[in-house]
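If you want the building blocks of each chain, they are given just below.
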Amino acid sequence: MKHIVGLSGGKDSTALALRLMEVEPRDYEYICNETGNELPDMIAHWEKLEEMLGKPIIRVRHDRDLEGTIDQMNMLPNVFSRWCTRVLKIEPTIDYMGGLPEGSTLYVGLRADEEARRGLFGEDITIRFPMREWGWKEEDVWKYLDQRGVCIPARTDCALCPYQRLGEWRDLYNKYPVMWAKGVELEKKFGHTFRSPGRDTWPADLESLGEEFARGRKLREYKRSASCRVCSL
Ligand code: SF4
């Protein structure tokens, strides 16, 4: 039987994986979902964690990346059609869980100050929520990560995620022009947009949105998220 730690890349599962090795050391198997559309900070975070944990993190993924899956589905994901989560994360995770030996245990990074949730976990495996057992709240997670000198990437979701906020799109435009250009190219190819029209007073399509950013149009400051708000194990 196996002991699996599910990693979303955010603060909670990162803290869980590191702390579990200290208080309950065993040969854990670490898993994460990979879509092939992660930002460089996210990829660097996985690599740093692998170093700290002393073993590779298994990438549970579809055989195509986000762009390849967009081609396959012949459409972009958007807030009305979130097929990407199902195809790139949920289905590969269900396949992985289905292949686990009976009696395996999955460790999930749910904190004591969060509502209980079960998620996509197989029926034949035991689920543990160690941070709830330890009574760890958000402040405990941040304190522990500070002590261990671990930074969490500002974004753990896909670079072109339709759920990102306008400020995150602006950061993508400023910091990752190649990825931005890929988003523009995909929108032209499929004739629709990642962002939903009418969601705000800004253009929906990335090309026009980029022109607004280039003109220096200001947007309200936003609070950065420290993990994907949509996809988590
Ligand atoms: S992070 Fe966004 S784009 Fe990536 S799979 Fe989840 S919803 Fe889709």
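Criteria and cut-off values
- Residues numbered from 1 in each chain as written.
- Predicted model: local features only at pLDDT ≥ 70, side-chain atom pairs only at ≥ 80, totals over all residues.
- Helix = DSSP H or I, 4+ residues; strand = E, 2+ residues; numbered from the N terminus.
- Rg over C-alpha atoms; globule rule 2.2 N^0.38 Å.
- Buried ≥ 20, exposed ≤ 12 C-beta atoms within 10 Å, placed from the backbone.
- Contact = placed C-beta atoms within 7 Å.
- Axes fitted to C-alpha atoms, helices over the stretch in contact; angles between N-to-C directions.
- Parallel < 35°, antiparallel > 145°, perpendicular 65-115°, else oblique.
- Left-handed = near helix turned anticlockwise from the far one by under 90°.
- Nonpolar A, V, L, I, M, F, W, Y, C, P; charged D, E, K, R; others polar.

## Some words on the overall build of the chain
A count of helices and strands for the chain gives 9 helices and 5 strands. Seen in sequence order, the chain has helices and strands lined up from the N terminus as β-α-β-α-β-α-α-β-β-α-α-α-α-α. On C-alpha atoms alone, the chain measures out to a radius of gyration of 19 Å, which is about the 17 Å that the 2.2 N^0.38 rule sets for 233 residues. In terms of overall dimensions, the chain has a C-alpha envelope of 55 × 35 × 30 Å along the principal axes. Taken across its 233 residues, the chain has 35% of its residues classed as buried.

## Quick notes on unusual backbone geometry
A positive phi is found at N74, a non-glycine position, where the angle reads about 60 degrees. Structurally, N74 is set in the loop between α3 (66-73) and α4 (83-98). We classify N74 as exposed; it has 8 C-beta atoms within 10 Å.

## Digging into the environment of E29
As for its position among the elements, E29 is in strand β2 (residues 29-33). Overall, the presence of 16 C-beta atoms within 10 Å leaves E29 in the partly exposed class. Taking the C-alpha atoms as reference points, E29 and I57, 28 residues apart in sequence, are found 7.4 Å from one another. In this structure E29 touches K2, H3, I4 and I58, once residues within four positions along its chain are discounted.

## A word on the packing of α3 against α4
Orientation of α3 relative to α4, taken along the N-to-C sense of each, is 125 degrees, at an axis distance of 11 Å. With respect to α4, the element α3 is oriented oblique. Between α3 and α4 lies a crossing whose hand is right-handed. Residues L66, T69 and M73 of α3 pack against W83, C84, V87 and L88 of α4. For the contact of α3 with α4, the per-class residue count stands at 6 nonpolar, 1 polar and no charged.

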